[in-house]
Amino acid sequence: MGERRREARFDVETGHGTMLSTSPVDIINVSLGGLAFRTETRLQIGEEYTVTLDVAGKSIAMRGVVAWSVLGGLETRGRETVPVYSVGMKFQGAFSEGGESLLAAAENPVAVEQRLAGVRFRLDGQASIAHPFRYQVRVISMHGMLIEIDHPMKVDEVLPLEISLEDEAPIHCRGRVASCHERLQQYPKHYDVGFEFMQMPDEDNARLTRVVKALSGKR
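Below: a short report on this structure. (Residues numbered from 1 in each chain as written. Predicted model: local features only at pLDDT ≥ 70, side-chain atom pairs only at ≥ 80, totals over all residues. Heavy atoms only, no water.)

## Describing the side chain of Ser86
Relative to the helices and strands, Ser86 is located in strand S6 (residues 80–91). Setting aside chain neighbours within four positions, we find Ser86 in contact with Phe37, Arg38, Trp68, Ser69, Val70 and Gly72. (Helix = DSSP H or I, 4+ residues; strand = E, 2+ residues; numbered from the N terminus. Contact = heavy atoms within 4.5 Å.)

Here is the structure:
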């Protein structure tokens, strides 16, 4: 690690990217048209997300658009107090395959209420939501980068990354969170997050090499 800290690192002016993160959700109920759940992640109304439900030994991914999201309260997680949001999601397209598999996977789906839009069911199982986060690249090297993002991240978490730098096609790899520090005197809060690159395909490594070489020539 000491050798990597001594390698050349370069400031980036226009670099940006996205990462795909997954977090657990608590399902409140599900219907033919959508589902309601609680999550610690603030989701954007009108944005599309994928919720994966693990019910009766089966894993089913459902795509949907957030129809509403409200702050439901605050809960204590260890030493931290975190916001919890109540979210309503409308399924994209026909319920058909995914929805039928979902209800079939539940041995005893319990109807909790009848509405004009149909019956809502309560299901026993676990669920998670995949959501993209956008960030700005501040510093880059051959083995990692420093980004600025609007939420804290857990050290040692490994995430798939897409990085857009200079005029190159996006670089894809997996990255490990090496550090996370809040930017002082900044509101809304932003964080400096250090990533270590992992599992980068050869063609993406070649793109990164060209970017680093171009940046070194600008010094």
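From this point, things continue past the structure.
## Quick look at the pairing of strand S4 (residues 48–55)
Going residue by residue along S4, you find Tyr49, Val51, Leu53 and Val55 tucked away on one face and Glu48, Thr50, Thr52 and Asp54 left uncovered on the opposite face. Strand direction decides the pairing type here: S4 and strand S5 (residues 58–77), joined by 8 bridges, are antiparallel. In the strand pairing of S5, Thr50 is matched with Arg63. Summarising the sheet, S4 and strand S9 (residues 126–140) pair through 5 bridges and their orientation is antiparallel. Bridging across to S9, Asp54 finds its partner in Gln126. (Buried < 20%, exposed > 50% of the residue type's maximum accessible area, 1.4 Å probe, protein only. Pairing = 2+ DSSP bridges.)

## Some thoughts on helix H3 (residues 202–217)
With 16 residues, H3 should reach 22 Å at 1.5 Å per residue; the first-to-last C-alpha distance of 23 Å fits that figure. Considered for burial, the residues of H3 that qualify are Asp204, Arg207, Leu208, Val211, Val212 and Leu215. The buried residues of H3 occupy one face: seen down the axis, they fall within an arc of 135°. Turned more than 90 degrees away from the buried face of H3, the exposed residues are Asp202, Lys213 and Gly217. Those residues of H3 that are buried are in contact with strand S1 (10–11), S9, strand S12 (171–182) and strand S13 (191–198). (Expected span 1.5 Å × (residues − 1). Arc of directions from axis to C-beta.)

## Details of the pattern of salt bridges
A full pass over the atoms with the stated rule returns 10 salt bridges. Arg176 is paired through a salt bridge with Glu196; the nearest N and O atoms lie 3.0 Å apart. Placement of the pair is Arg176 in strand S12 and Glu196 in strand S13, with a sequence separation of 20 residues. For the salt bridge of Arg207 with Asp204, the shortest nitrogen-to-oxygen distance reads 2.8 Å. Taken together, the residues span about one helical turn, with Arg207 and Asp204 both in helix H3 at a distance of 3 residues. Beyond isolated ion pairs, a larger network of salt bridges with shared partners links Arg138, Glu148, Arg183 and Asp192. (Salt bridge = Lys/Arg side-chain N within 4 Å of Asp/Glu carboxyl O.)

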